[in-house]
Amino acid sequence: MNVTLHYIGKVLERPDWNFPTHQHGHFSELIFVTKGEGVVTIAGERYAVQEGDLLVYNKGVIHEEYSSQNNPLGLYYCGIIHPDMEMLIPLESCPVMKTKEHINTVHSLFDLLFEEAQHKRDQYQLAAYQLLSVLVIWVHRLNKENTIFDKVRNAETLAIGIKEYLDIHYLRHLTLQDISTEFHMSPFYISHVFHRKYNDSPINYILHRRMAEARQLLVATKLEISVIAHLLGYENANYFSILFKRLMAESPSQYRKRELRERINL
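What counts and how
- Residues numbered from 1 in each chain as written.
- Predicted model: local features only at pLDDT ≥ 70, side-chain atom pairs only at ≥ 80, totals over all residues.
- Heavy atoms only, no water.
- pLDDT = per-residue confidence, 0-100.
- Contact = heavy atoms within 4.5 Å.
- Helix = DSSP H or I, 4+ residues; strand = E, 2+ residues; numbered from the N terminus.
- Buried < 20%, exposed > 50% of the residue type's maximum accessible area, 1.4 Å probe, protein only.
- Patch = residues over 30% accessible without salt bridge, like charges linked within 9 Å, V, L, I, M, F, W, Y side chains within 5 Å.
- Areas by Shrake-Rupley, 256 points an atom, 1.4 Å probe, with all protein chains shown as cover.
- Salt bridge = Lys/Arg side-chain N within 4 Å of Asp/Glu carboxyl O.
- Phe/Tyr/Trp six-rings, centres within 6.5 Å; stacked < 30°, edge-to-face > 60°.
- Lys NZ or Arg CZ within 6 Å of the ring centre and 35° of its normal.

## With respect to the confidence of the model for the protein
Here's step 1: The pLDDT averaged across the protein works out to 89; a share of 95% of its residues lies at or above 70.
Here's step 2: Segment residues 148–153 is flagged for pLDDT under 50; beyond a separation of four residues in sequence, or across chains, it makes 15 contacts in the model.

## Observations concerning the environment of Tyr47
Here's step 1: Examined against the element boundaries, Tyr47 turns out to sit in strand E5 (residues 45–50).
Here's step 2: Judged by its relative accessible area of 1%, Tyr47 is buried.
Here's step 3: It is 15 Å that separates the C-alpha atoms of Tyr47 and Arg196, two residues lying 149 residues apart in sequence.

## Side note on a nonpolar patch on the surface
Here's step 1: On the surface, Met1, Leu126, Tyr129 and Ile137 cluster together into a nonpolar patch covering about 340 Å² of accessible area.
Here's step 2: Mapped onto the elements of the fold, Tyr129 is located in helix H2 (residues 124–145).

## A short note on the packing of aromatic side chains
Here's step 1: All told, the structure shown has 12 aromatic pairs when counted by the stated rule.
Here's step 2: When the ring of Tyr7 is compared with that of Tyr77, the centres are 6.1 Å apart and the planes differ by 55°; the resulting orientation is tilted. Of this pair, Tyr7 sits in strand E1 (residues 4–12) while Tyr77 sits in strand E8 (residues 74–81), and the two are 70 residues apart along the sequence.
Here's step 3: Its relative accessible area of 28% is what places Tyr77 among the partly exposed residues.
Here's step 4: Judged by centre distance (5.8 Å) and plane angle (15°), the ring pair of Tyr76 and Phe110 falls under stacked. Pair noted here: Tyr76 is in strand E8 and Phe110 is in helix H1 (residues 103–119), with a separation of 34 residues, a long-range link.
Here's step 5: Judged by its relative accessible area of 6%, Tyr76 is buried.
Here's step 6: Taken together, Tyr234, Tyr239, Phe240, Phe244 and Tyr255 form an aromatic cluster joined through their ring pairs.
Here's step 7: Over the face of the ring belonging to Trp138 we find Arg141, whose NZ or CZ atom lies 4.8 Å from the ring centre.

Next comes the structure, spelled out in structure tokens:
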């Protein structure tokens, strides 16, 4: 296999780390995420990345990377020259691969490759070549295993999908992790695309959605406030009332009285 290591480096959990739009004209690049999470754009497509992901940038492909500030990325990156291959992976392949049960193998290859390049011991170039060759083999293997890994959908479409999911499941006390698990994306990216579309967080949207239902029940029924609280998933009616007042600037009973002065239920 005719491959040459052009460079190798690593990033150690820097919250402010990012690399704006750029491309590599004569070599490809691999990135292996060792910790944290972030968002990358590859050939115009956005991807949420997290620990264990292997990113492949074919030469000439425009890309950019941004780390999560709350859970910053840790990663290895390396440039690969491969004159006998036009691309490391086919253009139609997803450039973000899940290493899954192979995470330790891939991590070890990057560890060893970085160590050889750093210390330059006797015959380090031969060792680096052999390690890089094995790493490229794993890229090809993972590319085949990841054929079912879907590209992250258009950000706006994704945000709409998240909202639809929340509208259906708003009675469940979902966490951001629950939502990210449902969509197979990181909490960071879920929050990012949802806020950009609706200028709100998913969790705050659920709360407002639940309170909107409470308002409807308060004016359309004669149910006791404790029953309404229970229907909306709150075992503690006082806690429900506190949340309601925080959002509506009046208690549930005050809201009901005021609204019913202007409304006649038949």
